[in-house]
Amino acid sequence: MDATELQMLYAAGERDFHNVDLSSARLSHIDLQGANLLRANLRHANLRWVDLRQANLRWADLRGADLSWAKLEGADLSSANLKGAKMPDGKIHE
């Protein structure tokens, strides 16, 4: 799946994207509020300004992802791998 397909499916009402592989995808400025991204591969993805409020990101691979200015209120990041991810506060997660 690529970023365009993800956006089209989300716009059509789909919210379940568990196990999706979007490594290195350019997803900036898109709305994924409430999406199920359980175990998603988002390694090195550009997630700047993405709306991930209330999203399920449990066990997601976010290593090296850029989450600058992302909206993460209510997002479940339990057991997500955030090593090297740039967080909304500008800090790099260790």
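Counting starts from 1 at the beginning of each chain's written sequence and moves along it residue by residue. Reporting of local features is limited, given that this is a predicted model, to residues whose pLDDT is at least 70; pairs of side-chain atoms are given and counted only at 80 or more, and all residues count toward the totals for whole chains, interfaces and linings. Only hydrogens and water are set aside when side-chain values are computed; all heavy atoms of the structure are taken into account.

1. So, the overall build of the chain
Put simply, the rule is: Helix and strand assignments come from DSSP, with helices taken as H or I runs of at least 4 residues and strands as E runs of at least 2, each series counted from the N terminus. Under the convention used here, a 1.4 Å probe and the Shrake-Rupley method define accessible areas, while residue burial counts only the protein chains that appear.
If you tally the helices and strands in the chain, you get 1 helix and 0 strands. Counting only C-alpha atoms and orienting by the principal axes, one finds that the chain spans roughly 35 × 25 × 25 Å. For the chain, the accessible area works out to roughly 5,300 Å², and carbon and sulfur atoms hold 46% of it.

2. Section: the pattern of salt bridges
The line we're drawing: By definition, a salt bridge exists where a carboxyl oxygen of Asp or Glu is found within 4 Å of a side-chain nitrogen of Lys or Arg. Accessible area is worked out with a 1.4 Å probe on protein chains only. A residue is then buried under 20% of its type maximum, exposed over 50%, and partly exposed in between.
Under the counting rule described, the total for this entry stands at 4 salt bridges. R48 is the partner of D66 in a salt bridge, and the nearest nitrogen-oxygen pair spans 2.5 Å. Taken together, the residues span a long stretch of sequence, with D66 in the segment after α1 (3-11) and R48 in the segment after α1 at a distance of 18 residues. Judged by its relative accessible area of 13%, D66 falls in the buried class. What makes R48 partly exposed here is its relative accessible area of 38%. The salt bridge involving D76 is made with R58; its shortest N-O contact spans 3.4 Å. Linking D76 in the segment after α1 with R58 in the segment after α1, this pair joins segments that are 18 residues apart in sequence. Of the residues examined, D76 reaches a relative accessible area of 26% and is grouped as partly exposed. With relative accessibility at 33%, the residue R58 sits in the partly exposed group.

3. Comments concerning the nonpolar core
Put simply, the test is: In these notes, a set of buried Ala, Val, Leu, Ile, Met, Phe, Trp, Tyr and Cys residues joined through side-chain atoms within 4.5 Å is what counts as a nonpolar core. We call two residues in contact when some of their heavy atoms are within 4.5 Å.
In this structure, L27, L32, L37 and L52 are the most contacted members of the largest nonpolar core, which totals 31 residues. With sequence-adjacent residues up to four places away left out, L52 is seen in contact with L32, L37, L57, L67, K71, L72 and A75.

4. Regarding α1
Along an α-helix, residues three or four positions apart point the same way, because every turn accommodates 3.6 residues. The test is simple: The arc in question is the one spanned by the directions pointing from the helix axis to the C-beta atoms. Under this definition, polar contacts are N or O atom pairs within 3.5 Å; protein pairs additionally need one hydrogen-donor-capable and one acceptor-capable atom, and for neighbouring residues in sequence, both atoms have to be side-chain atoms.
Listing the buried residues of α1 in full gives A3, L6 and Y10. Here the buried residues of α1 occupy an arc of 60° about the axis, which is enough to place them on one side. Seen from the open side of α1, the exposed residues pointing more than 90 degrees away from its buried face are M8 and A11. The backbone nitrogen of T4 lies 3.2 Å from a side-chain oxygen of the residue at the head of α1, namely D2.

5. Focus on the side chain of D61
As for its placement among the helices and strands, D61 is situated in the segment after α1. Classification of D61 by relative accessible area gives buried; the value is 15%. Of the polar contacts made by the side chain of D61, one reaches the side chain of R63; its length is 2.6 Å. Sequence-distant contacts of D61, that is, excluding residues within four places in its chain, are made with A40, N41, L42, R43 and N81.

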